[in-house]
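Geometric and topological summary
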Amino acid sequence: MTRPACSMLWVALLPLVGLIVTARPAEAIPAFAQQTGQPCVSCHIGGYGPQLTPIGRAFKIGGYTQGGGEGLAASIPLSLMATTSFTNTASAVPADQIAQHYGANNNFSLDQVSGFIGGGIGQHSGGLMQFTWSDVANTSHVDNVDLRPYTTVFDVGGKELRIGTTLNNTPTVQDPYNTTFAWGFPYVLSALAPAPAANVMLAAGLGQSAIGYTLYAWYDNKFYLEGGAYSTLSPWTLTRMGNGFGIGSTTSPAPYLRAAYEWQWGNSAAHVGAMYMHADVNPATGPYATTDLAGADHYTDYAVDGSYQFLGDGTHIATVQAIYVHENQNLRATSSGSGFAAKYNLDQFRANVSYWYQNTYGVTLGWQKTWGPANPLLYAPGELTGSNNSKPNSNAFIIEADWVPFGKDTSLWAPYMNLKLGVQYTAYTQFNGGSDNYDGSGRNASDNNTLLVFAWMIF
Amino acid sequence: MPGFLLRAAFTVTLLTAGSGTAFAAGDPAAGKSVFQSTCSICHSVQPGQNKIGPTLSGVVGRKTGSVAGYTYSPQNQAANLTWDAATLDKYLEAPRAMIPGTKMTYGGLKDAQKRADLIAYLATLK
């Protein structure tokens, strides 16, 4: 068999061959398209989730309640998603770090299969729940959950004021802007490729291990204000949901605040926003265990973000998104008895620009930089995943090209299925604190440069 | 007969009897709930309040593309129609069929009775 034919066969077999791992969740669920009678492009940039348009934000803030679809499919709130991919890293991972069932490099995987329940129940309640099966460890887990128990609209001097509540399992999963983390770029990741160790709490500290209640207000489709708190779930519950602790278990509810202001003019939209979160946690000692022997660690995050979207008439679309987070860490518990200082900080900047032609062909350029002082409590030398100088510093440039052949109102099988085919390349100039020999075992940051080719389907 | 069955039978009778030319009598109260569930994400009924789409306050009787301060698509702007029961009925059934290139992505309301109710409600917005 010739080589091209061979790879064609692979592509054709990908959805069937149950290999493994990676990836991030996705949205744009066809159940929503059916409920609203709208094509994916109404609510999503590039006709595929999760990046939202102003209509998508209105739908989400509106509690996923908007109707408009007709027929039986409009009332079936179920969708199914699958991601398959091919991952190549510049250098193979060391032999003792290879994921089970995989080769050291050039792996095909069935990254995730997710089921979604999403939609509105009447005009005041709705939500989205995602359950994911990943072949990594052949496990299923409760993925993103964003429920809106109640939302309603008041008329305040001729302007609309929407008030709502959320019940969710990950800070920022309920946020209307894709500058934030749960639904931020890159929307697909390779789980087989090494990823930088350091991340801010808002991005990864409590995700899927907590339950958050928030109250929000949206005034005149412009001003968004939200406040609430997160508490981690018990090890018993987490075991059953298939999600482990992140930074630890909260000793008191962790406050979460979000404010944003959006302008819409002509065919453009822009926003600026800010976030705050603070958590007191007993540090994690394992996926389902934490310790209170030395008290609590304290994390405080401050973030500012902004975005611009040019939507035009749908022929040319351009977007810009950026977020900066500063985190103060007081690791009293983790540092106790170690002889190391307790106080550190961590900074992260993420930005991306995208261009889409006819909501079908897209290219996105992303930049992610994380930095801070050496932190021997959290980062130690270690082959592949460690840091030789204990610094959290990483710097990555990401380029992604996508093709979304469906998702338009005139598309084949609309609104029942959608597909995204993409190629993503991530280049690291710094990884876990260094460029050359970052791990102390001779690996360079650029050895982790990753090529990901993926097919992402949703029904 | 339960209310909804009566109503369905009534609608069917109307539809067959009307054979597409006559407009079923609309119920503004029912139309308001259609509006809230289907149109309100993009349209306000308050004068001067543009959301993703232009305000629908006073839409019945006005010319296409005439809301000040709202950026229409060139196609909607140039449609040169007056919104009345007939044009709205045709438009709301399949917006893109009537105004190709419109940026209203909503696909259309196929149920004739719901359209009639909705138009009756829109007519109350002065």
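Above this text sits the structure in question.
What counts, and at which threshold
Residues numbered from 1 in each chain as written. Chains lettered and ligands numbered in written order. Predicted model: local features only at pLDDT ≥ 70, side-chain atom pairs only at ≥ 80, totals over all residues. Heavy atoms only, no water. Helix = DSSP H or I, 4+ residues; strand = E, 2+ residues; numbered from the N terminus. Buried < 20%, exposed > 50% of the residue type's maximum accessible area, 1.4 Å probe, protein only. Contact = heavy atoms within 4.5 Å. Areas by Shrake-Rupley, 256 points an atom, 1.4 Å probe, with all protein chains shown as cover. Buried area = accessible area lost by both parts, 1.4 Å probe. Salt bridge = Lys/Arg side-chain N within 4 Å of Asp/Glu carboxyl O. Polar contact = N/O pair within 3.5 Å; in protein donor to acceptor, adjacent residues only side chain to side chain. Nonpolar A, V, L, I, M, F, W, Y, C, P; charged D, E, K, R; others polar. Core = buried A, V, L, I, M, F, W, Y, C linked by side-chain atoms within 4.5 Å. Axes fitted to C-alpha atoms, helices over the stretch in contact; angles between N-to-C directions. Parallel < 35°, antiparallel > 145°, perpendicular 65-115°, else oblique. Left-handed = near helix turned anticlockwise from the far one by under 90°. Expected span 1.5 Å × (residues − 1).

**Brief notes about the overall build of chain B**
- Along chain B, the regular secondary structure elements total six helices and zero strands.
- Going from N to C terminus, chain B has its helices and strands arranged as α-α-α-α-α-α.
- The proportion of buried residues among the 126 residues of chain B is 42%.
- In chain B, of all internal contacts separated by at least 6 residues, the share reaching a separation of at least 24 is 42%.
- Roughly 6,200 Å² of accessible area belongs to chain B as shown, and the carbon and sulfur atoms make up 64% of that amount.

**Focus on the interface of chain A and chain B**
- Of the residues lining the interface, 24 residues belong to chain A; the matching set on chain B comes to 23 residues.
- Across the chain A to chain B interface the summed buried area is about 1,800 Å²; carbon plus sulfur atoms make up 44%.
- For the pair chain A and chain B, the interface holds one salt bridge.
- Residues Lys51(B) and Glu160(A) are paired through a salt bridge, measuring 2.9 Å at the closest nitrogen-oxygen approach.
- The interface formed by chain A and chain B holds nine residue pairs in polar contact (both at pLDDT 80 or more) in total.
- At the level of elements, helix H4 (54-61) and strand E6 (159-168) of chain A are the ones that each hand at least two residues to the side of chain A that touches chain B.
- The element that contributes the greatest number of residues to the side of chain A that touches chain B is H4(A), accounting for four residues.
- Residues belonging to the side of chain A that touches chain B are distributed by class as follows: five nonpolar, 13 polar and six charged.

**Looking at the nonpolar core**
Residue and element names in this part refer to chain A.
- By size, the foremost hydrophobic cluster in this structure holds 36 residues, and its most contacted members are Ile29, Leu128 and Trp456.
- Every element with two or more residues in this core is listed here: helix H2 (30-36), H4, strand E7 (210-219) and strand E19 (450-458).
- Formed by 23 residues, the second largest nonpolar core is a distinct cluster that contains Ala254, Val281, Ala303 and Ile323.

**Points about the packing of helix H4 (residues 85-93) of chain B against helix H6 (residues 112-123) of chain B**
All names here are of chain B.
- Viewed as axis vectors pointing N to C, H4 and H6 meet at an angle of 130°, and their least axial separation amounts to 10 Å. By the angle between their axes, H4 is oblique relative to H6. At the point where H4 passes H6, the crossing takes the right-handed sense. Every residue of H6 that contacts H4 at Ala85, Leu88, Asp89, Leu92 and Glu93 is listed here: Arg115, Leu118, Ile119 and Leu122.

**Brief notes about H6(B)**
Residues and elements named next belong to chain B.
- Between its first and last C-alpha, H6 extends 16 Å over twelve residues, near the 16 Å set by a 1.5 Å rise per residue.
- The buried fraction of H6 is high, at nine of twelve residues.
- Two or three places before Gln113, at the opening of H6, Asp111 has a side-chain oxygen 3.0 Å from that residue's backbone nitrogen.

**Focus: the pattern of salt bridges**
Residue and element names in this part refer to chain A.
- Under the definition given, this model contains nine salt bridges over all chains.
- Where Glu262 meets Arg57, a salt bridge forms, and the shortest distance between an N and an O atom there is 2.9 Å. Here Glu262 is found in strand E10 (residues 254-265), whereas its partner Arg57 is found in helix H4, with 205 residues between them in sequence. Residues Glu262 and Arg57 agree in their burial class; the two are buried.
- The partner of Arg258 in a salt bridge is Asp175, with the nearest N and O atoms 2.8 Å apart. Taken as a pair, Arg258 in strand E10 and Asp175 in the loop between E6 and helix H5 (201-204) lie far apart in primary sequence, 83 residues in all.
- A relative accessible area of 2% means that Arg258 is categorised as buried.
- Salt bridges sharing common partners tie together Lys159, Asp220 and Lys222.

**Here we look at the packing of helix H2 (residues 28-39) of chain B against H6(B)**
Residue and element names in this part refer to chain B.
- The N-to-C vectors of H2 and H6 enclose an angle of 95°; their axes lie 7 Å apart at closest approach. Classed by the angle they form, the pair H2 and H6 counts as roughly perpendicular. Between H2, through Pro28, Ala30, Gly31, Lys32, Val34, Phe35 and Cys39, and H6, the contact on the second element is made entirely by Lys114, Asp117, Leu118, Ala120, Tyr121 and Leu122.
- Residue classes in the contact of H2 with H6 are distributed as nine nonpolar, one polar and three charged.

**A look at the environment of Ala198(A)**
All names here are of chain A.
- Note on placement: Ala198 falls in the loop between E6 and H5.
- When the C-alpha positions of Ala198 and Val353 are compared, they lie 23 Å apart, and in sequence the two are 155 residues distant.
- With residues up to four places along the chain from it excluded, the contact list for Ala198 reads Leu346, Gln348, Thr370, Tyr379 and Pro392.

**A short note on unusual backbone geometry**
All names here are of chain A.
- Residue Gly49 is joined to Pro50 through a cis peptide bond whose omega torsion reads 5°.
- Among the structural elements, Pro50 can be located in the loop between helix H3 (40-43) and H4.
- The residue after Phe185, namely Pro186, is reached through a cis peptide bond having omega -5°.
- Relative to the helices and strands, Pro186 is located in the loop between E6 and H5.
- At Asp220, a residue that is not glycine, the phi angle is positive and equals roughly 55°.
- Relative to the helices and strands, Asp220 resides in the loop between E7 and strand E8 (223-232).
- Backbone geometry places Asn221, a non-glycine residue, at a positive phi of 55°.
- Mapped onto the fold, Asn221 is located in the loop between E7 and E8.
- Note on Asn221: relative accessible area 12%, which makes it buried.

Everything listed here is a matter of geometry and, on its own, says nothing about what the molecule does.
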